[in-house]
Amino acid sequence: MLKQIEGSQAIAEAVALCRPEVISAYPITPQTHIVEGLSAIVRSGKLGSCQFINVESEFAAMSAVIGASAAGARAYTATSSQGLLYMAEAVYNASGLGLPIVMTVGNRAIGAPINIWNDHSDSMAMAASGWIQLFAESNQEAIDLHIQAFRLAEQLSVPVMVCVDGFILTHAYERVDVPAPEQVEQFLPPFEPVQMLDPREPVSIGAMVGPEAFMEVRYLAHHKQLQAIDAIPTLSADFAAAFGRNSGDLVAPYRTEDAETVVVALGSVIGSIKDTVDELREEGMKIGALKIVSFRPFPLARLRAALEGAARVVVLEKNLALGLGGIVASNVRMALRGLRTPVYTVIAGLGGRPITKASLRRVFAEAADDDLEDPYFLDLDWQVVDRELARAKETRRSGPVAENILRDLGLVGSHIG
Amino acid sequence: MFQVRIHGRGGQGVVTSAEMLSVAAFTEGRHAQAFPSFGSERMGAPVMAFCRIDEKEIRLREPVMTPDALIVQDTTLLHQVDLFSGLDTRGYLLINTRRKYSDLGLGDYVTRFPPHHLCTVAATEFALKHLGRPLPNAALLGAFSAITARVSLASVQAAIQEKFPGAVGEGNAAAAAEAYDSIRTN
């Protein structure tokens, strides 16, 4: 059914269609509307005996869904930013135990400085946790990826994180096609756990494992990710057959056929990149884009196949590994190892800095001329940076950087009269 | 693509206004995208929201930098934020005020716009009359429909009543209608 609704509401409806039995969450911006929506759906009785457990923290939220999942319930939670970090220990436990929990991450920057807006630092901080990470381009894809996520999680007994850009998607009203309950029911069979705490057949889950077996257990968690490399395209094809639209898969190319420059990105920014590619194509530039849907597992072979014909690759990413540069770019370089293709890193949109078409056009043109620093910081105000560096050099007690820069920037007026 | 930017203060329904406008466009079969630019979410803080309307899927995710229409819910923002940024001379400008542009110090500025693209509307007063609360957003959407003809008043009213069922929706729909009529009859 076509609806014009907020992304968070669309995600709540999609999760409800997947018939979760336990939902446990702690509210945090920009995830809040998702769990508010689910709480209302649970309270309405539409989900039968589904329990919505209010908890005191994100650590408790993840711990509760770990318990629920181990007891054989289909379990879901959602968080953002500091909330994801606060539950980090339990995030690793969920994947280490192989529990098929689905979690939405409404992507938001990590402090300090505190910032409620979008970037991908939170999910990236958990990229090695053993969770599958799928990034949505639009709210339609957010709906579709959640439905696929439950099936994938339960098929492989592995947790799946669906990453949705905070505010840009979670708070955007746009047209979405919300599937009918019977369609989802057909696509997503009831949860049949591979392990379960059952008094009739008692087992323990969560053994202490020493050096004699730890590597094997960890390898098998890695192996599960490798299995997902095969499972995700099949799942996406099954989804297309059942729902009549393409969503998900490992990667999705856009106008890359004869492209000399290919831009790689994750999440909602790929929409602005596609519009920019169309404009530049009309002007004669041979440029295309490649969306990474699955960041974990990282689809090395598919990326290599999609990128090996390109003269250069530009990885535009909303995170910064301090002391290194781009996380996604480093991963892409691994996919291209042995090739001479230059891979440029463009760090963009940190803490909600808008990524504009005008800036994308400029940086893609510079990349096409192979005239780009690596890493390149899109729309970074170097004057502000230089002034702060000068202040710090001038005096020992130069004060807190964030406060200094806010003072430096001052207020903006309407420039009238 | 038609792009709208709405300025106001936290608590004035700026975000809701953009959302309702997108629903109105959707009910007319078009694609629409509405999204906020929150500051810290406090009552009274400057807030912006955006709405894009198009015949095809909208992929662009940047804020609305060059609006085709600008709605200003609160004139006290005039000297606090860069309200008119990116608004070109073919754009529409709609301000919630009982005063004239010249009284706001905008007399010279607005001469660059076609007169029928300009409108001041006493939206807060229509809201007080029909709703009993100073929430100007619905009345401004009625005025938006009147000056731009991008969505019909009926679609705006349907979107309002979808968002606010019952008496609140009816009061807001009536405020929208009076704002619409006040422009159409002038």
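Criteria and cut-off values
- The residue numbers shown here count from 1 along each chain, following its written sequence.
- Here chains are named by letter from A upward and ligands by number from 1 upward, in the order in which they appear as written.
- Residue-level local features of this predicted model are given only where pLDDT is at least 70; pairs of side-chain atoms are given and counted only at 80 or more, and the full residue set underlies all totals for whole chains, interfaces and linings.
- Runs of H or I in DSSP of at least four residues are treated as helices and runs of E of at least two as strands, each being numbered from the N terminus.
- The quantity called the radius of gyration is restricted to C-alpha atoms. Its globule counterpart is 2.2 Å times the number of residues to the power 0.38.
- Labels follow a simple rule on C-beta atoms placed from the backbone: if 20 or more others lie within 10 Å of a residue's own, it is buried; if 12 or fewer, it is exposed; otherwise it is partly exposed.
- What counts as a contact here is a pair of residues whose C-beta atoms, placed from the backbone, lie within 7 Å.
- Three classes are used: nonpolar for Ala, Val, Leu, Ile, Met, Phe, Trp, Tyr, Cys and Pro, charged for Asp, Glu, Lys and Arg, and polar for all others, with Gly counted as polar.
- Here, any two strands with at least 2 DSSP bridges between them count as paired.
- Only the stretch in contact is used when a helix axis is fitted, and all axes are lines through C-alpha atoms; the angle between N-to-C directions ranges over 0 to 180 degrees.
- Here the limits of each domain have been adopted from an automatic or database domain assignment.

On to the overall build of chain B. Assigned secondary structure in chain B consists of five helices and six strands. Starting at the N terminus and walking to the C terminus, you meet the elements of chain B as β-α-β-β-β-β-β-α-α-α-α. Relative to its length of 186 residues, chain B is compact, with a C-alpha radius of gyration of 15 Å against a globular reference of 16 Å. Seen through its principal axes, chain B has C-alpha atoms that stretch 40 × 40 × 35 Å. Expressed as a percentage of its 186 residues, the buried residues of chain B come to 52%. When contacts within chain B are restricted to residue pairs at least 6 apart in sequence, those whose partners lie at least 24 apart make up 63%.

This paragraph deals with the interface of chain B and chain A. Of the residues lining the interface, 26 residues belong to chain B; the matching set on chain A comes to 24 residues. Contributions of two or more residues to the side of chain B that touches chain A are made by α1 (14-27) and β2 (31-37) of chain B. Considering only residue class, the side of chain B that touches chain A consists of 16 nonpolar, five polar and five charged. Where strand β8 (residues 173-177) of chain A meets β2(B), two bridges bridge the pair, whose relative direction is antiparallel.

Next up on the list: the sheet that holds strand β1 (residues 2-9) of chain B. On the basis of which strands lie adjacent, the open sheet formed by eight strands has the order β1(A)-β8(A)-β2(B)-β3(B)-β1(B)-β4(B)-β5(B)-β6(B) and mixed pairing. Two strands bound the open sheet, and with one partner strand each, they are β1 (2-6) of chain A together with β6 (118-121) of chain B. Here the strands of the sheet are splayed against their neighbours by 20° on average, with no regard to which way each runs. Strand contacts of helix α1 (residues 7-17) of chain A: β1 and β8 of chain A, with the helix running at about 120° to β1(A), the strand carrying the most contacts.

Quick look at the domain arrangement of chain A now. Residue and element names in this part refer to chain A. According to the domain assignment, chain A contains domain 1 (2-243), domain 2 (252-377) and domain 3 (387-417). Here domain 1 and domain 2 have C-alpha centroids that lie 27 Å from each other. In this assembly, 27 residues from domain 1 lie in contact with 21 residues from domain 2. At the level of elements, α6 (121-125), β6 (132-135), β7 (160-165) and α9 (214-243) are the ones that each hand at least two residues to the side of domain 1 that touches domain 2. For the side of domain 1 that touches domain 2, a count of residues per class yields 16 nonpolar, eight polar and three charged.

Here we come to the environment of A:V277. Residue and element names in this part refer to chain A. Tracing the backbone shows V277 in helix α10 (residues 269-282). Judged by the 24 C-beta atoms lying within 10 Å of it, V277 is buried. Once you skip the residues sitting within four places of it in the chain, V277 turns out to touch Y254, R255, I287, G288 and A289.

This part is about unusual backbone geometry. Residues and elements named next belong to chain A. Of note, the bond from G111 into A112 is cis; its omega dihedral lies within 30 degrees of zero at 0°. Tracing the sequence through the fold places A112 in the loop between β5 (102-107) and α6. The peptide bond linking R296 to P297 adopts the cis configuration, its omega dihedral lying at -5°. Turning to its location among the elements, P297 is positioned in the loop between β12 (294-296) and α11 (300-307). In this structure, S81 takes a positive phi of about 45° despite not being glycine. Tracing the sequence through the fold places S81 in helix α4 (residues 81-86). Among the residues examined, S81 registers 30 C-beta atoms within 10 Å and is labelled buried. The phi dihedral of D379 is positive, around 60°, even though this residue is not glycine. Mapping D379 onto the fold places it in the loop between β15 (376-377) and α14 (382-394). The partly exposed category is assigned to D379, around which 15 C-beta atoms lie within 10 Å.

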